[in-house]
Amino acid sequence: MGTQIKDVVIKSDAPNTLFLDKHADYIAAYGSKKDDYEYTLSEYLRMSGIYWGLTVMDLMGQLHRMNREEIVDFIKSCQHDCGGISASIGHDPHLLYTLSAVQILTLYDNVKAIDVDKVVDYVRGLQQEDGSFAGDKWGEIDTRFSFCAVATLALLGRLDAVDVEKAVEFVLSCMNFDGGFGCRPGSESHAGQIYCCTGFLSITGQLHQVNADLLGWWLCERQLPSGGLNGRPEKLPDVCYSWWVLAALKIIGRIHWIDKAKLRNFILACQDEETGGFADRPGDMVDPFHTLFGVAGLSLMGDEQIKPVNPVFCMPEDVLQRIGLQPDLLI
Amino acid sequence: MHGRVKVKSTAQQEEEKRKGREKKLKVYLTVRDAIFSKRSNGELDEEALQFTQQLLCSNPDFATLWNYRREILLHLETVKEEDEIQKLYEAELFFIETCLKMNPKSYGSWHHRGWVSSRLPRPDWTRELSLCDRCLSLDDRNFHCWDYRRLVVKASGVPVDQELQFTDRLIGSNFSNYSSWHYRSTLLPLLHPEPGSEPASPCRKQNNTHTSPTASPQTHSHRVCEEQLLKEYELVQNAFFTDPNDQSAWFYYRWLLGRAEREELISCVYVSREGERVAVAFSKPVNALTEGLMLVLDGQQQQRVEWRSAHPRFRHSPVWLCELPPGSVSDINNEHNLTVHWMEKHTHRDCALYTGRPESWCRDSATDQELFRSELSVEKTSVLQSELQSCTQLLELEPQNKWCLLTIVLLMRALDPLGHEKETLAHFQTLKEVDPMRSSYYSDLCSKFMIENTILKMEYAEVRVFSLSDKNLSTLCHLDQLLLVTHINLSSNQLVRFPPQFSMLQCLEVLEADDNAIGNLEGLYHLPKLEEVSLKNNQISKLSDLEPLASCPRLTRLDLRGNPVTKTANIEAELAQLLPSVTDLLL
Ligand SMILES: [Zn+2]
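Cut-offs applied
- Residues numbered from 1 in each chain as written.
- Chains lettered and ligands numbered in written order.
- Predicted model: local features only at pLDDT ≥ 70, side-chain atom pairs only at ≥ 80, totals over all residues.
- Heavy atoms only, no water.
- Donors = N, O, S within 2.8 Å, 3.2 Å for Na, K, Ca; no water.
- Buried < 20%, exposed > 50% of the residue type's maximum accessible area, 1.4 Å probe, protein only.
- Helix = DSSP H or I, 4+ residues; strand = E, 2+ residues; numbered from the N terminus.
- Contact = heavy atoms within 4.5 Å.
- Lys, Arg positive; Asp, Glu negative; His and termini not counted.
- Salt bridge = Lys/Arg side-chain N within 4 Å of Asp/Glu carboxyl O.
- Polar contact = N/O pair within 3.5 Å; in protein donor to acceptor, adjacent residues only side chain to side chain.
- Buried area = accessible area lost by both parts, 1.4 Å probe.

K.L.:
How should I be thinking about the coordination of the zinc ion in this particular structure?
P.N.:
Each donor-metal-donor angle in an ideal tetrahedron of four donors is 109.5 degrees, and each such angle in an ideal octahedron of six donors is either 90 or 180 degrees. Protein-derived coordination of the zinc ion comes from A:Asp238 (OD), A:Asp238 (OD), A:Cys240 (SG), A:His290 (NE2) and B:His2 (NE2), at a distance range of 2.0 to 2.4 Å. What makes A:Asp238 buried here is its relative accessible area of 2%.

Here it is, written out as structure tokens:
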């Protein structure tokens, strides 16, 4: 009798120390594979890919190895007349990539490289009657986009450009019986969405509306015997969900409810010793996305070889301090 | 990026793969460039539909290609007859279905399907619903498909009870289905809402069975009427007896056991004559600066009072403070009447300060408000009793089952928190042993329950002394409930700090917290009446840790024996400078 818990087994020879140098080499080399098939296939998210790479490099103190000028020029060429920014040249603008671009330019202390007023107009134009945000002009609604909108505006110091009260109302209408949040009202809770919604409520100063004890319980129950965290009940553990759950717990002041030593073990076991980089699970292929969230997770748990990361923006704390942005966390 | 296992391969295999990829890349780039150039030339034709189809099959997250297709379809709408348009969109649905078979979790494909359905001249919602059925039968956790189902249900007016039956079927075939339990939690309050604040009555079997399940904010009126609740208990019990380790049913059960949100009200108004100060407590955190809070003293509106939260870190707080104009209440021979109005919520609370009294308050106590337990009807009480019995039986079969243990604790609290205190503590001990990864969670939850019990005991005894020593407390909460407490004893626990919320204890005079691991005193901030603080054997290590105490004007006695800070050079002189009011210092 009883369900088998879905989980992975960490082999005894899995990595258990952090290979920062290898990860930096992996990310530095990643962008030079421009004529690779796999790389080309991921063009539709290139702007976010660059944000993942740059942020993890900055967290490791290696940002100088990236080609700043080339990246800033690329971002400029991705801003459209409407103000929105696309993942790559030839692609359409979207809030997801607008946020990534603004994050990158904030890392580089260079938001003036783009037309900021037009970005603000673009974001404002995507807010709907009910306070929600569409991802682009085609109208997909998702609490992820609510997060992208307020995070972009907060980084630009222009949060007053949208109807924050209505935006908050919409996000709260996506709260579920388990204290979590989904994509839209009625959607099931999901760790990625919970990260976006708690991050959103942090930026808008509304975290007291969260049922932190109930949500914290759901979140800490994501930790599996392997130490890794999953994104929903009965799913496999994953490095990226480890970040989303961990960051959400940090935002609601309950990070001590998970077993940090076991999570650290799991994240370290997801490294690829040969190539550098982190995979979603031990033994899988690495990518920049999981490399950022692996390193960021370790940072949030206090690893001193890595710069402290901000749980809301997933950017180095020193960068946010520089622009005077300190989003609320529950205490 | 997910679930791709790394496989070792020989150099020769690598070379072959590389060649294969190179070839694919060439084809891909040719098609992509053709699409981009057609689009920039404004070509909105069927050839572009073919090209984009070719790439989207294998790469449905390439959002711009879906956008281009929509532009083309919108254009074709303007040049074709309705029957042709219908056919065009049906072909589009067919193509999306192919994409979904390849990748059932692509945001882009699902969004496009919703868009196409909304453009279709004659939509066939029955077909869409059966597509959802098929998709969910392959993966009953696919949240994209669940969301699409909700869209279809809303657009076509599927009755709520029909959807509830759908979850009955799914749960009946497999209890372990979190998505179905979740869906149930959104449907039940629509179908069987808790009747306002009236006494428990049979569910209103009203006509809303035919409204469709629109999104219901779970934060607000999300409770279910009692009659239906009792049925749900039975369903969940079947689930966890069948599979006691399946968490879905337990999460759902905890929701059923929960209680309605508290009404928004002013729970306490406190006034100090000598301090010329008012403290107001609310049932939930508010921002008094934006909530239209108005103070009336002896019939006069006090325009100039400045409200501040108990600690500057809180923009939203359940406790707010203000100073009264100098001299307005200080004469002990006068009686004063105070009213605090909460304009936004159309509510207020009065408080009379009688002649000769140094302070006064008016409030609902935690016991009046039934703060820490559910308001249970006789019927529900007997059902919960029998639930408790069933869970206890289950625990005998599965003594290590953490879900069952925690549920027993919650049932005990719903029934009689004080009566079950001893068993609750024992169960928490077991929980920490069987589920050590979450031991901090159980410690904090147990602390919360012990604090609730101590508040209840204090209020039954009608005293202002809060005593909770030697109970393994790991955290402090409900501090807004301690606004009137004058003496607090927290010694021999595992506390590491006084959180900023501790500054809500506006009447505190004596604080004992010996034998903890406290290193952070942030919450000992502007406590106007605090005189004695005993912090023997804690972890206060730096002089700066003590800085918050400098804001407590009446502090005279401070016991720091057994703290690392006592080893600091010149400690006495340093402390005399930092805390000049302290005359009785023990190091
Ligand atoms: Zn992942």
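K.L.:
Just checking my understanding: could you explain helix 8 (residues 164-172) of chain A for this structure?
P.N.:
Within an α-helix, residues lying three or four positions from one another point in the same direction, as the helix has 3.6 residues per turn. Taken together, the buried positions of helix 8 of chain A are A:Ala167, A:Val168, A:Phe170, A:Val171 and A:Leu172. Buried residues along helix 8 of chain A sit in contact with helix 7 (143-155) and helix 9 (191-203) of chain A.

K.L.:
I keep staring at the side chain of A:Asp178 and nothing clicks. Help me out?
P.N.:
By the secondary structure assignment, A:Asp178 is in the loop between helix 8 and helix 9. As a buried residue without a salt bridge, A:Asp178 has its nearest oppositely charged side chain in A:Arg222, at a separation of 7.6 Å. Within the local environment of A:Asp178, its side chain forms a polar contact with the backbone nitrogen of A:Gly180, the two atoms lying 3.0 Å apart. Only 2.5 Å separates the side chain of A:Asp178 from the side chain of B:Tyr178, close enough to count as a polar contact.

K.L.:
Quick question: what am I supposed to make of the pattern of salt bridges here?
P.N.:
Counted under the stated rule, the structure contains 61 salt bridges over all chains. Across the pair B:Arg315 and A:Asp328 runs a salt bridge whose closest N-O atoms are separated by 3.0 Å. Here the residue B:Arg315 occupies a position in the loop between strand 5 (308-309) and strand 6 (317-323), and A:Asp328 occupies one in the segment after helix 14 (317-322), the pair thus bridging two chains. Residue class for A:Asp328 comes out partly exposed when judged on its relative accessible area of 29%. The shortest N-O distance in the salt bridge between B:Lys38 and B:Asp45 comes to 2.9 Å. Three or more residues joined by partner-sharing salt bridges are found here, namely A:Glu188, A:Arg232, A:Glu234 and B:Arg141.

K.L.:
I keep staring at the interface of chain A and chain B and nothing clicks. Help me out?
P.N.:
Accessible area lost upon the coming together of the parts is a frequently used measure of interface size. On the side of chain B, 74 residues touch chain A, which itself brings 73 residues to the contact. Buried area between chain A and chain B, summed over both chains or domains, comes out near 6600 Å², and the portion from carbon and sulfur atoms is 55%. When residues of chain A are sorted by the area they lose upon contact with chain B, A:Trp138, A:Phe177 and A:Trp217 head the list and together hold 15% of the total. In this assembly, chain A and chain B are joined by 12 salt bridges. With its nearest N and O atoms 2.9 Å apart, the salt bridge here joins B:Arg141 to A:Glu188. Counting every contact that joins chain A to chain B gives 39 residue pairs in polar contact (both at pLDDT 80 or more).

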